[in-house]
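What the coordinates show
For reference, the chains in residue letters:
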Amino acid sequence: MTPTVLLLGGTTEAMQMGKALAAQGVRATISLAGRVKTPADQPLPVRVGGFGGVDGLVDYLGSQGVTHVIDATHPFAAQMSANAVSACDALDLPLLALTRAPWQAGAQDRWTHVRDVEGAAAALAGPARRVFLALGRMNLPAFAAQPQHDYLLRLVDAPEGLPLPKAQVVVDRGPFDLEGDLALMRAHGTDLVVSKNAGGTGAQAKIIAARQLGLPVVMIDRPAIPPRTEAHSVQEALDWLHGVTARGV
């Protein structure tokens, strides 16, 4: 059977997976959430926006004749990932998550772990600090409860409005390197970093920079996602797709 793949994207891993599928001539579509105004050029046909929950995703998969789903969304896209599990279970479709290992604190790291964005905002209670808020724009409203800080924001798109009274915005797209993040944080006088535990290498530079500068990090732990088959490289995902590895391994 020739596969027809829905690739749930928005990450560096999804871009790499898309290029591999395109190179092999696999019929595939990449789905983007649409939260970025100017997404990077994709190697596959693109659909943008939500599906309308599990039922909408089931309808889409059936109408498009999808035979395999590869979830390469951000580790914090928990709702989309949970919907993919439910929809694929309903249709008995093979589902693979192309994941990245979470970052692990080393001996020199000063991490405070929190469960979610609201917990990160609560952890900033206290005197004004210079905070590198290394999160997407969708998470910014939670920090309106801590307006005393001078925030550094790095966003893919220039924001139309901010809920934070004191904020410096840098518009940039990763991956980022260590020297650049060291220079950015020194220029801002950053004394604390807030980050999601995204894992991978594309956004890790800020974590290494914080370590080298001796800065504390408020680390938002990953949300829980229902169990699913996982791969950790594009080649593993291709092997799974072409039946080299068994479903469920």
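Everything below is about the structure shown above.
Now for a quick tour of the structure. Every value quoted in this text rests on a predicted model; they were computed, and no experiment measured them.

Reading across the sheet, the six strands line up as E6-E11-E10-E7-E8-E9 and stay open at both edges, with parallel pairing between neighbours. In this open sheet, the two strands that pair with only one neighbour each are strand E6 (110-114) and strand E9 (167-171). Ignoring strand direction, the axes of neighbouring strands in this sheet form an average angle of 20 degrees. Here strand E7 (residues 130-134) runs beside strand E8 (residues 150-155); their pairing, made up of four bridges, is parallel. Residue Arg130 lies in a different strand from E8, and its bridge partner there is Asp150. Running at roughly 150 degrees to E8, helix H5 (residues 178-188) makes contact with E7, E8, E9 and strand E10 (192-196) of the sheet.

Take unusual backbone geometry next. The phi dihedral of Asp92 falls on the positive side, at around 55 degrees, and the residue is not glycine. Topologically, Asp92 is positioned in the loop between helix H3 (78-91) and strand E5 (95-98).

Further remarks concern the packing of helix H1 (residues 12-23) against helix H7 (residues 234-241). With their axes 10 Å apart at the nearest point, H1 and H7 run at an angle of 50 degrees to one another. When the interaxial angle is binned, H1 and H7 end up oblique. Pair H1 / H7 crosses with right-handed handedness. Contact with H1, carried on its side by Gln16, Met17, Ala20 and Leu21, involves Val234, Ala237, Leu238 and Leu241 of H7 and no other residues of that element. Residues belonging to the contact of H1 with H7 are distributed by class as follows: seven nonpolar, one polar and no charged.

On to the packing of helix H2 (residues 53-63) against H3, then. In the contact formed by H2 and H3, the axes pass within 9 Å of each other and the chain directions differ by 55 degrees. One finds that H2 runs oblique with respect to H3. As for how H2 packs across H3, the hand of that crossing is right-handed. Here Gly53, Val54, Leu57, Val58, Leu61 and Gly62 of H2 lie close against H3, whose contacting residues are Met80, Asn83, Ala84, Ser86, Ala87, Ala90 and Leu91. Taken together, the residues of the contact of H2 with H3 sort by class into nine nonpolar, four polar and no charged.

Quick notes on the rules
- Residues numbered from 1 in each chain as written.
- Predicted model: local features only at pLDDT ≥ 70, side-chain atom pairs only at ≥ 80, totals over all residues.
- Heavy atoms only, no water.
- Pairing = 2+ DSSP bridges.
- Helix = DSSP H or I, 4+ residues; strand = E, 2+ residues; numbered from the N terminus.
- Axes fitted to C-alpha atoms, helices over the stretch in contact; angles between N-to-C directions.
- Contact = heavy atoms within 4.5 Å.
- Parallel < 35°, antiparallel > 145°, perpendicular 65-115°, else oblique.
- Left-handed = near helix turned anticlockwise from the far one by under 90°.
- Nonpolar A, V, L, I, M, F, W, Y, C, P; charged D, E, K, R; others polar.

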